[in-house]
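# A structural walkthrough
For reference, the chains in residue letters:
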Amino acid sequence: MKTQQIAYLSIGTNQGNRLENLQNAINLIAANIGAIQQIASVYETPSLGFEGADFYNTCIKITTYLSPEKLIKKLLSLEDELGRTRKNKSGYTDRIIDLDILLYNDEIIFSENIIVPHPRMLQRKFVLVPLVEITENILHPTVKKPLNDCLKNCTDTSEISKIKVQLMNPISITEKYKYIAIEGNIGAGKTSLAYKIANQFNTKVVLENFTENPFLTKFYQDKERYAFALEMSFLADRHQQLTDDLAQFELLENCIISDYYLFKSLIFAEITLPKDEYEVYQKMFYLLYKEVTKPDLYVYLYQNTERLLENIKNRGRIYEQNIEAEYLQKIHDGYRNFIEKELNLNVLMIDVSNLDFVNNTEDYQAIIQQINNHIR
């Protein structure tokens, strides 16, 4: 699994509504690049190297999965989205937005498309002042001095003044929701997505312990014989796990991401059990279901059957290889009926049939953006 990297970015603007430009840039960075950890104050400085309107500048600290090369590419794309036009002439000009990478971990990078640390950051007070505000003790990777000392030694004599208005950090998923359940058919990618979200936002993740169920392999070999034992054991395990973990969550006041919700037990039981056994199972289920905390957000990942079968084949679990398309369709129908009837759940359905959110960062960020923008 990819690990998150820490980067410091500079944001500047001297056209239009400058505060709005900065805030829009921060919003897009949060939605498309990574979580924003800190935002410096806004500072006003004169244009440097050309005659133009005064700039508003700030710096932010982010965590991201993007490599430096992909990060700079994405920043340039966001500049275009925010309305920046690039003029075919050398030197500095007015710009509605300017996004730069100042630091990327403690790495030193020289490539055709990017140089890190930013080669001119130590000569620019409008960069160092907001950067030192949020990270004064970090060593500059090349000069090996704390950034605070670098600011003291900066030869830039430009006037710089702090603006009283503070930029807002967009509300993150973990602030909006304290318990998110991610559901989907077999092979939809719910565990992978739960892992990625929990890793990005540093939350607790609750994963179903299906591999430890002693009846699972036996069920796929003889469904009629082991169906009831399988479903009852799953129900007991899921209820116990969710009850224990959600109790801990309430104690710690931390966010939880789970790759299942208890109601999946009833959905699968209805498919696998004969009518008389299902009626017994249903009574037991509802006794336990009323005790379980409902998620603040229920995300259902839809994938078409062809893609599900492909995913199942690729992950290579022996006991799943004989799963048929008809069985997967019954599971999806069960989830659809549940979603339509369970009116008290805050449901977000996302079609991931054409997305590769495990290997494609843009696809993953598109899902995060849908969750962020979701209104019940």
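Residues numbered from 1 in each chain as written. Predicted model: local features only at pLDDT ≥ 70, side-chain atom pairs only at ≥ 80, totals over all residues. Heavy atoms only, no water.

Per an unreviewed UniProt entry, the protein chain carries the name 2-amino-4-hydroxy-6-hydroxymethyldihydropteridine pyrophosphokinase and comes from Tenacibaculum piscium. Per its UniProt entry, the protein chain bears the Sequence similarities (unreviewed entry) comment "Belongs to the HPPK family." (UniProt positions renumbered as here; feature names shortened; annotations may be inferred.)

### Some points on the domain arrangement of the protein chain
Domain boundaries assigned for the protein chain yield domain 1 (5-162) and domain 2 (173-373). With 8 residues of domain 1 at the interface, the matching set in domain 2 holds 8 residues. The largest contributions to the domain 1 side of the interface with domain 2 come from Ala31, Asn32 and Tyr65, which together make up 61% of the buried area. Where domain 1 packs against domain 2, one counts 0 salt bridges. Across the contact surface, domain 1 and domain 2 share 1 residue pair in polar contact (both at pLDDT 80 or more). Mapped onto the side of domain 1 that touches domain 2, the elements with two or more residues apiece are helix 1 (18-32) and strand 2 (34-39). Taken together, the residues of the side of domain 1 that touches domain 2 break down into 5 nonpolar, 2 polar and 1 charged. (Domains from an automatic or database assignment. Contact = heavy atoms within 4.5 Å. Buried area = accessible area lost by both parts, 1.4 Å probe. Salt bridge = Lys/Arg side-chain N within 4 Å of Asp/Glu carboxyl O. Polar contact = N/O pair within 3.5 Å; in protein donor to acceptor, adjacent residues only side chain to side chain. Helix = DSSP H or I, 4+ residues; strand = E, 2+ residues; numbered from the N terminus. Nonpolar A, V, L, I, M, F, W, Y, C, P; charged D, E, K, R; others polar.)

### Points about the nonpolar core
General note: in soluble globular proteins, nonpolar side chains tend to be found buried as a group. Ile182, Ile197, Tyr261, Tyr298, Leu301, Phe338 and Ile371 are the most contacted members of the largest nonpolar core, which totals 69 residues. A total of 7 residues in this core trace back to one element, the largest contributor, which is helix 8 (residues 223-252). In this view, tyrosine 261 contacts Tyr179, Ala181, Glu183, Tyr289, Thr293, Lys294, Pro295, Tyr298, Phe338 and Leu345; residues no more than four positions away in its chain are not counted. Judged by nonpolar contacts, the second largest core, of 31 residues, contains Leu9, Ile11, Val42 and Ile72. (Core = buried A, V, L, I, M, F, W, Y, C linked by side-chain atoms within 4.5 Å. Buried < 20%, exposed > 50% of the residue type's maximum accessible area, 1.4 Å probe, protein only.)

### Concerning the sheet that holds strand 13 (residues 347-351)
A sheet is described by the order of its strands in space; here 5 strands give the open sequence 10-11-9-12-13, paired in parallel fashion. Two strands bound the open sheet, and with one partner strand each, they are strand 10 (204-206) and strand 13. With strand direction ignored, the average angle separating the axes of adjacent strands in the sheet is 20 degrees. Relative to strand 11 (residues 256-258), strand 10 runs parallel, the two sharing 3 bridges. Bridging from a neighbouring strand, lysine 204 pairs with isoleucine 256 of strand 11. Packing of helix 6 (residues 190-201) onto the sheet brings it into contact with strand 9 (179-184), strand 10, strand 11 and strand 12 (297-302), and relative to strand 9 it is tilted by some 155 degrees. Most of the contacts of helix 13 (residues 361-373) go to strand 13, to which it runs at about 155 degrees, and overall it touches strand 12 and strand 13. (Pairing = 2+ DSSP bridges. Axes fitted to C-alpha atoms, helices over the stretch in contact; angles between N-to-C directions.)

### Section: the pairing of strand 12
Across the 6 residues that make up strand 12, a large majority, 5, are buried. Sheet analysis places strand 12 next to strand 13, joined by 5 bridges and oriented parallel. Bridge pairing links tyrosine 302 to aspartate 351 in strand 13.

### Remarks on the environment of asparagine 27
Tracing the backbone through its elements, the reader meets asparagine 27 in helix 1. Classification of asparagine 27 by relative accessible area gives partly exposed; the value is 33%. In the structure, asparagine 27 is positioned 66 residues away from threonine 93 in sequence and 24 Å away in space, judged by C-alpha atoms.

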